[in-house]
Each structure stands twice: as C-alpha cells, then as structure tokens.
Amino acid sequence: MKNFIARVIKKRTTHDRFVYLKLSLLKPAQIEFKAGQYISFELSGEEKRSYSIASAPTNMSYIELAVDLTPGGVGSSFISSLTVGQEISFEGVLGEVTIERGQNDQQLLFVGSGVGISPLKSMLEDLLITRLDQRPITLIWGLQLGEDLGWADDFQKIAQERQNFELITGADREIVDNITKLARFDETWGAYVCGKPEMVAYTEKQLVNQGISRDSIYYDRY
Ligand SMILES: Cc1cc2nc3c(=O)[nH]c(=O)nc-3n(C[C@H](O)[C@H](O)[C@H](O)COP(=O)(O)OP(=O)(O)OC[C@H]3O[C@@H](n4cnc5c(N)ncnc54)[C@H](O)[C@@H]3O)c2cc1C
C-alpha cells in the first residue's frame, strides 16, 4: 500500500449531509487504481476510515469521493472539516470488488443507494465510456432527496448515448420493488450491489430468488 498526498480542489455539500470532494494528486502526481477500489484516511487515534473512489481510473491526476456525514463519527468530522486548498494524505489503493470480478458475466446489473453509488459510478464510467463494453448493463439507483450529487444528469447522458445501458432511478424502497417487478434477471447476469448492510442483504436475497448465482453477486456494504 502506498501513501498519497493530495489537495482538495472542490468541495460541495448538499442538504447538510452529502459531501462531494475532488482531490488533486500532488505526491505522487498520479494514482493507478481499478474501478471499484477505495482509499483510506488515517485519523486521530490511528482510526482509519475508507472511502470509495467515484471517478474513473482513466483520470489518474485526481479522484472524486462522495461521503454521507450521517454517522457523525471521526470520519464524518474529518470530511466535514476539509476546505478547498487543503493538503491531505491517504493510503491506497484497496479493495477486491472491482470491475474484473464480473468479466465473465454476460449481462451486468448495478444496484446502488445513497453514497453506495460512488464505486458504481467509477465502474460504469470505466465500462461504458472507456471500454465501450457492449454487454447489456442496467443501473438501478435509489436516489433519496438531494442524493444525486449532480450525477443523475451524467448517467442520463450516458443512457442516451449508449443503447446497451438502462438507467432506472427511484426511491430506495422502489429499488427492491423494481428488481422484483422486472423479474428478468437470471443466471446470465452478474450484479454489483453497494449501500447500507440491510439494503445489500435484501437485494442479494431478491437477486438469488430470481436466479442470479450468489457467486455472481459482488457487494460493498457501508
Ligand atoms: C470499503 C469501504 C468503502 C466505503 N466508502 C464510503 C464512501 O464512499 N462514502 C461514505 O460516506 N462512506 C463510505 N464508507 C464508510 C466510511 O468508511 C465510514 O465508516 C463512515 O464515513 C462513518 O465513519 P464515522 O467515523 O463518521 O462514523 P463511525 O464512528 O464509524 O460511526 C458513528 C456511529 O454511526 C453509526 N453508523 C455507521 N454508519 C452509519 C450509517 N450509514 N448511517 C447511520 N449511522 C451509521 C455507527 O454505528 C456509530 O454508532 C466505506 C466503508 C468501507 C468499509
């Protein structure tokens, strides 16, 4: 694992709860990672907190993060206190739930809620914009009020440009309803799921009931 020094070049807070950060790499000047991976901040008392990289791996000079401040512990306080121009350090990169896990699946489903959209955004940009992946790809995204972090428009644009990408948004509860109603996911699909532990558990159950193999469900829980 490597140490990185970066500068906060953008910070936007919405609904006093969600923080979008853009960090520009200083030392080293670039970061190599796989879509789906995360970084870790060492905070006071040697506590560590992890945050998924939301930007695509082609952008090696900066990373984007999306943080929910609701837990209110040392991680939330640290993110909340950051100011534009500040230099910060982090460790990275970590994580096994990368886009390579689903490389043998014929179709891909992404299910995200809250800031769980973060690693999915990186993976989808990598697949649909960089790799021009031709497989059918569906994103089911549970948007709560203000949680779109400005990314809903980006996904709409990709959906308009890429025939093989379907975007389904709704409230958190509707995510699960959509999966059940659509009822068209079978053993040919792989699924990436990211969100709160209870959402991930419930979604996994629905997907297994529909025929997706448990081995083809890749998830991160925060
Ligand atoms: C691999 C990985 C990637 C992650 N990526 C992200 C990310 O991209 N964005 C992000 O925001 N977080 C992410 N997290 C979670 C993050 O690392 C911290 O756990 C989170 O920010 C809370 O840290 P804290 O110090 O503020 O709160 P803590 O001190 O850890 O928790 C404070 C209190 O809040 C409770 N709590 C914890 N989580 C929640 C919650 N979701 N809602 C309500 N209460 C809660 C805890 O039980 C505790 O009582 C990730 C975690 C992992 C393991």
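For the structure, see preceding data.
Quick summary incoming for the structure in this document. Every chain begins its residue count from 1, and numbering advances along the sequence as written. Since the coordinates come from a predicted model, pLDDT governs what is reported: local features require at least 70, and pairs of side-chain atoms require 80 or more to be given and counted, while whole-chain, interface and lining totals use all residues. Side-chain metrics in this entry use all non-hydrogen atoms of the structure; hydrogen atoms and water are not considered.

1. Brief notes about the overall build of the chain
Note the following rule: Helical segments are the DSSP runs of H or I of at least four residues, strand segments are the runs of E of at least two, and each set is numbered from the N terminus. The globule rule used for comparison is 2.2 Å times the number of residues to the exponent 0.38, while the radius of gyration itself is calculated over C-alpha atoms. Under the scheme applied here, a residue whose accessible area is under 20% of the maximum for its type counts as buried, over 50% as exposed, and between as partly exposed, the area being computed with a 1.4 Å probe on protein chains only. Residues are treated as being in contact if the distance between any of their heavy atoms lies within 4.5 Å. The Shrake-Rupley method, run with a 1.4 Å probe, gives the accessible areas here. Residue values count only the displayed protein chains as cover.
Looking only at helices and strands, one finds five helices and eleven strands in the chain. For 222 residues, the compact-globule estimate of 2.2 N^0.38 gives 17 Å, and the chain sits close to it at 17 Å. C-alpha extents for the chain along the principal axes are approximately 45 × 35 × 30 Å. Counting every position in the chain, which comprises 222 residues, the buried fraction comes to 52%. For the chain, contacts bridging at least 24 residues in sequence account for 74% of all contacts bridging at least 6. Here the chain has roughly 10500 Å² of accessible surface; of this, 46% comes from carbon and sulfur atoms.

2. Structural notes on the sheet that holds strand β4 (residues 48-52)
Quick note on the threshold: Strand pairing requires that DSSP identify at least two bridges connecting the strands. Helix axes are fitted to C-alpha atoms over the stretch in contact, other axes to C-alpha atoms as well, and angles between N-to-C directions run from 0 to 180 degrees.
Here six strands make up an open sheet; going across it, the order is β4-β3-β6-β1-β2-β5 and the pairing antiparallel. Every other strand in the sheet has two partners, leaving β4 and β5 (62-68) as the edge strands with one partner each. Pairwise comparison of adjacent strand axes, ignoring direction, gives a mean angle of 40 degrees for this sheet. Inspection of the sheet shows strand β1 (residues 2-14) paired to strand β2 (residues 18-27) by nine bridges, in the antiparallel sense. Of the residues in β2, the one forming a bridge with Lys 11 is Leu 21.

3. Observations regarding the pattern of salt bridges
Selection criterion: What makes a salt bridge here is a side-chain nitrogen of Lys or Arg within 4 Å of a carboxyl oxygen of Asp or Glu, nothing more.
Using the criterion set out here, one finds eleven salt bridges in the structure. A salt bridge links Lys 48 to Glu 91, with the shortest nitrogen-to-oxygen separation between them at 3.1 Å. A residue pair is termed long-range when its members are at least 10 positions apart, and Lys 48 in strand β4 and Glu 91 in strand β6 (residues 87-94) qualify at 43 residues. Through salt bridges with shared partners, a single network forms among Glu 64, Lys 121 and Glu 125.

4. Here we look at the environment of Pro 57
For Pro 57, the location among the structural elements is in the loop between β4 and β5. C-alpha separation for the pair Pro 57 and Val 200, spaced 143 residues apart in sequence, amounts to 25 Å. Sequence-distant contacts of Pro 57, that is, excluding residues within four places in its chain, are made with Phe 33, Lys 34, Ala 35, Ser 122 and Asp 126.

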